[in-house]
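Each chain, written out:
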Amino acid sequence: MEFIYLYDGSFEGFLCCIFESYANRELPSDIIPETDACLTLFQTRHIETDKAHADRVLRKTALLSGKAVILLRRGFLTCLANREMYLYHLIAKLLREGPGFLRNLADETLLPVLKAVRHLEGEVQLLRGFVRFSDYSGILGGEIEPKNRVLPLLRSHFCSRFPNERFFIYDRTHREALFYADGKAVIAPLERFEAAAPDETEVAFRRLWKRFYDTVAIKERENFRCRQTHMPKRYWGTMTEFQDEDYFIAGQSPRLEHRGPGLPSV
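Report follows, based on the coordinates. In this text the structure is predicted, and so the values were computed from the model without any measurement.

### A closer look at the side chain of lysine 93
Tracing the backbone through its elements, the reader meets lysine 93 in helix α4 (residues 83-97). A distance of 2.7 Å separates the side chain of lysine 93 from the side chain of aspartate 107, its partner in a polar contact. Among all residues touching lysine 93, those that are not within four sequence positions of it are Gly98, Phe101, Asp107 and Thr109.

Take a look at the structure:
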């Protein structure tokens, strides 16, 4: 009998799905977060999140391969369609055959996960330079619209870069935010967010940055295609230098233009 596993959407919950599969000696036809579940002809089974079960799966994976643990953790953050089943099959092959196949970059089980993780890491690298912060009464705040769940990988970079500041980064795509203050950081769900209106000082800094961006440009050497290669257009919607005039007016709180796509597969 085929089952669809439903879980709470957390990484620990996903690990519990792997545990239940082996404990019950059954292969799920799919593993889906409860929030994404829809009507189906298959039977569904809700998998409770149990930290002890999740830890057992993670420990077993680590004993076999540290690289597999990294792929598992980071693969879960990607926008890879059906990522749960790709990761499930990766761990199943690891338990069945050992870590040798991880050296074969063309392996059909490894390759989709590897490509997704590379895409995630590339997006993280870009966003380290593309996040734009505003000052909201002493708290720095920025918005991003990534394809992947990048906040867990951006956390250490920005916390070490601004150790004495209080800041937040809101991920519109996944409706979660990174909050940092007094040396502590937390990532928490945040269903709705609307930035406060900028004051005169913040607007002045926004205009200075826009003026700098426009001034350093050399019109005679403008290469739109090259600029899009190094600064993909889908990131422009949350970058100060590409905003409309309303963004540079004190007392107004326009939402940054929504230009980002949804969550396509990698």
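Moving on from the coordinates now.
### Details of the sheet that holds strand β5 (residues 139-144)
One open sheet holds the five strands; their spatial order is β4-β5-β6-β7-β8, and the pairing between them is mixed. Taken across any chain shown, the strands that pair with only one partner, and hence form the sheet edges, are β4 (134-136) and β8 (184-189). Across the sheet, the mean angle from the axis of one strand to that of its neighbour is 25°, orientation sign disregarded. By the bridge criterion, three bridges tie β4 to β5 in an arrangement that is antiparallel. Bridge pairing in β5 links aspartate 135 to leucine 140.

### What about the sheet that holds strand β1 (residues 3-7)?
Strands sit in the order β2-β1-β3 across an open sheet of three strands; the sheet is parallel. This sheet does not close on itself; its edge strands, each paired only once, are β2 (30-33) and β3 (43-46). Recorded for the sheet is a direction-independent mean angle of 30° between the axes of neighbouring strands. Relative to β2, β1 is paired through four bridges, and the arrangement is parallel. Residue pairing for β2: tyrosine 7 is matched across the bridge by proline 33. Strand contacts of helix α1 (residues 11-23): β1 and β2, with the helix running at about 145° to β1, the strand carrying the most contacts. Here α4 sits on the sheet and contacts β1 and β2; the angle it forms with β2, its principal contact strand, is near 135°.

### A closer look at the packing of helix α3 (residues 66-75) against helix α5 (residues 110-130)
Between α3 and α5, the shortest axis-to-axis distance is 9 Å and the interhelical angle comes to 65°. For the crossing formed where α3 meets α5, the hand is left-handed. When α3 is examined against α5, the residues Leu71, Arg74 and Gly75 are found in contact with a partner set consisting of Leu110, Val113, Leu114, Val117, Leu120 and Glu121. A class-by-class count of the residues in the contact of α3 with α5 yields six nonpolar, one polar and two charged.

Cut-offs and rules
- Residues numbered from 1 in each chain as written.
- Predicted model: local features only at pLDDT ≥ 70, side-chain atom pairs only at ≥ 80, totals over all residues.
- Heavy atoms only, no water.
- Helix = DSSP H or I, 4+ residues; strand = E, 2+ residues; numbered from the N terminus.
- Polar contact = N/O pair within 3.5 Å; in protein donor to acceptor, adjacent residues only side chain to side chain.
- Contact = heavy atoms within 4.5 Å.
- Pairing = 2+ DSSP bridges.
- Axes fitted to C-alpha atoms, helices over the stretch in contact; angles between N-to-C directions.
- Left-handed = near helix turned anticlockwise from the far one by under 90°.
- Nonpolar A, V, L, I, M, F, W, Y, C, P; charged D, E, K, R; others polar.

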